[in-house]
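A structural walkthrough
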Amino acid sequence: MYVAHLSLTDFRSYPHVELPLEPGITALVGPNGQGKTNLVEAIGYVATLGSHRVPSDAALVRAGASRAVVRTRIVREADAATGASERTSLVEIEVTPGKANRARVNGGAPGRARDVLGLLRTVLFAPEDLALVKGDPDGRRRFLDELAVLVTPRLAGVLADYDRVLRQRSALLKSAAQAVRGSRGSADLRTLDVWDAKLAQAGAQVIVARLAIVAAMGPHVARAYEQVSSGQGAAVVTYRSTLDAALEESDGRDARGSRSTGPQAAGSPGAGSPGADASMASSTPVPTPELVEAQLLEAMGRLRPKEIERGVCLVGPHRDDLVLTLGGLPAKGYASHGESWSFALALRLASYTLLTQGPDETPSSTGVDNLWTTGWGDDGEPVLLLDDVFAELDTKRRNRLADLVAPARQVIITAAVAGDVPEQLAGARVDVMAGEVSRVL
Ligand SMILES: Nc1ncnc2c1ncn2[C@@H]1O[C@H](COP(=O)(O)OP(=O)(O)OP(=O)(O)O)[C@@H](O)[C@H]1O
């Protein structure tokens, strides 16, 4: 697949811009602050309904405007193997902070923005990726969730449900905590059971989807790390769930002993075993959502006194983490700057391989079968967006990354000067200057 055209109105610095694009490699070149990243950010937004730079939409709307409009023409080429014919989708998203975003496909009636998820797949490399390794767990959770939604767009609805239920349950626990402390409010705990059930139901689907993604991408991450780093130390990804800790803490269950039934079955190491092997994880069954739902309910039941005392939700996917280890040591805090960069690149390259080729072996579980029904490559090779990454890398990593991404169907690169783009990625060039884009012939 490729993006054939991007058109922006009141998005970031652009009152209006039209950018025709082609398959293959395009470099967007211009001095700092001219609007290059704004263009790739907009393309990424169509794929994920989020920005890689800001957590909320407000900054995406041009200062002084009330809404932004992003339009793309996306082409999915004919595929002889599947018999699919070429398909063009015109996707238009209206971003209105404080209101639900709306989207239209092929000029149809406006609908929910999340209904366009799945029409475009992108993998975006950016300087911000270093935070995947060095930063807080929320960035890594977002990374997993975005990838899971690219694989299975319907998960976007589950994630939205989970967020909503989490907010409600947290508010209830907070007022219960205040009532217990005798400050104010009342402790109406009858409704807490209802929210426990809703949280467990949505939370189990989120956990199972993440476990399946981690299991599927583990071998790809290990290989990609070797390719970009000259192979010093094995890169391993595992999922650490607060659920394991909650169940272990309350009944003294052994971390390894609970693997066969808990989410650890897909590679969550538990707090004490950060070196669990991801390739092993990919062949280990992912638990069913029903099992994880029952475990979440059990954990919430056991943690209730503590949750009421502290006024927060202590268990669930909102507190889980993607654990990254290098040679058996946590990457965060131990890896060098260069190793951290290599790990971040490996996570993005592994996402690209996963979306293009699928897992080495489909993680086995009846519970997640429907997660894998998309035919990976059949759903369209993702567009690669490389935002200012080459300037951040040493020569060896630049060249390795360039060699790996060069064959992709469409690669869009931003760079301050043309010399920052490695020669393997020579292609079309578009100059970006003061909000104007011009194709260099
Ligand atoms: N909501 C907004 N309204 C108006 N201008 C904005 C908005 N958000 C960002 N900008 C402006 O957009 C410009 C930054 O654009 P962008 O990040 O795309 O630059 P860039 O060309 O990628 O630069 P660099 O090479 O430094 O990364 C800045 O001048 C910034 O002030």
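Just so you know, these numbers come straight off a predicted model, no measurement behind them. (Residues numbered from 1 in each chain as written. Predicted model: local features only at pLDDT ≥ 70, side-chain atom pairs only at ≥ 80, totals over all residues.)

Okay, the site of the ligand next. In the region of the ligand, 17 residues are neighbours, and S13, N32, K36, T37 and N38 sit closest. When residues in the shell around the ligand are grouped by element, the largest group, 3 residues, is from helix α1 (residues 36–48). Split by residue class, the shell around the ligand holds 4 nonpolar, 9 polar and 4 charged. (Near = placed C-beta within 6 Å. Helix = DSSP H or I, 4+ residues; strand = E, 2+ residues; numbered from the N terminus. Nonpolar A, V, L, I, M, F, W, Y, C, P; charged D, E, K, R; others polar.)

The next thing to look at is the sheet that holds strand β5 (residues 87–95). Note on sheets: strands pair through backbone hydrogen bonds, and any given pair is parallel or antiparallel. What the 6 strands build is an open sheet, ordered β2-β1-β4-β5-β6-β7; its pairing is antiparallel. Sheet topology places β2 (14–20) and β7 (111–112) at the edges, where each strand pairs with a single neighbour. Bridge count between strand β6 (residues 102–105) and β7: 2 bridges; the pairing is antiparallel. Bridge pairing in β7 links A103 to G111. (Pairing = 2+ DSSP bridges.)

Right, let's talk about the packing of helix α5 (residues 190–229) against helix α8 (residues 289–310) for a bit. Describing two packed helices takes the angle between their axes plus the distance from one axis to the other. At their nearest, the axes of α5 and α8 sit 8 Å apart, and the two run at 130° to each other. For the element pair α5 / α8, the angle class is oblique. Classified by chirality, the crossing of α8 by α5 is right-handed. Of the residues in α8, those touching α5 at D196, A200, Q201, G203, A204, Q205, I207 and V208 are P289, V292, E293, L296, L297 and M300. When grouped by side-chain class, the residues that make up the contact of α5 with α8 number 9 nonpolar, 3 polar and 2 charged. (Axes fitted to C-alpha atoms, helices over the stretch in contact; angles between N-to-C directions. Parallel < 35°, antiparallel > 145°, perpendicular 65-115°, else oblique. Left-handed = near helix turned anticlockwise from the far one by under 90°. Contact = placed C-beta atoms within 7 Å.)

Read across the sheet, 6 strands follow the order β8-β12-β13-β3-β14-β15 without closing on themselves; strand pairing throughout is mixed. Every other strand in the sheet has two partners, leaving β8 (122–125) and β15 (436–440) as the edge strands with one partner each. Looking at each pair of strands side by side, their axes are set apart by 20° on average, direction ignored. Summarising the sheet, β8 and strand β12 (residues 383–387) pair through 4 bridges and their orientation is parallel. Bridge assignment links V123 to a residue of β12, and that residue is L384. In the packing of α1 onto the sheet, the strands contacted are β3 (24–29), β8, β12, β13 (410–415) and β14 (428–433), and the crossing angle to β12 comes to about 145°. Those strands touched by helix α10 (residues 337–357) are β8 and β12, and its axis lies near 170° from that of β8.

With that settled, the discussion passes to the domain arrangement of the protein. Per the domain assignment, the segments making up the protein are domain 1 (1–121 + 380–441) and domain 2 (128–378). At the interface, 19 residues of domain 1 touch 19 residues of domain 2. Of all the elements, helix α11 (residues 395–405) adds the most residues to the side of domain 1 that touches domain 2, at 4 residues. Split by residue class, the side of domain 1 that touches domain 2 holds 6 nonpolar, 4 polar and 9 charged. (Domains from an automatic or database assignment.)

Once that is clear, we can look at the pairing of β3. When you tally the buried positions in β3, you get 5 out of 6 residues, the bulk of the element. Pairing between β3 and β13: 6 bridges, direction parallel. The residue bridging I25 from the neighbouring strand is V411, located in β13. Both β3 and β14 contribute to a ladder of 4 bridges, which runs parallel. Within β14, the residue paired with T26 across the bridge is A428. (Buried ≥ 20, exposed ≤ 12 C-beta atoms within 10 Å, placed from the backbone.)

Right, let's talk about α5 for a bit. With 40 residues, α5 extends 55 Å from end C-alpha to end C-alpha; this agrees with the ideal 58 Å at 1.5 Å per step. Phi turns positive one or two residues past the end of α5, at S230, with a value near 65°. (Expected span 1.5 Å × (residues − 1).)

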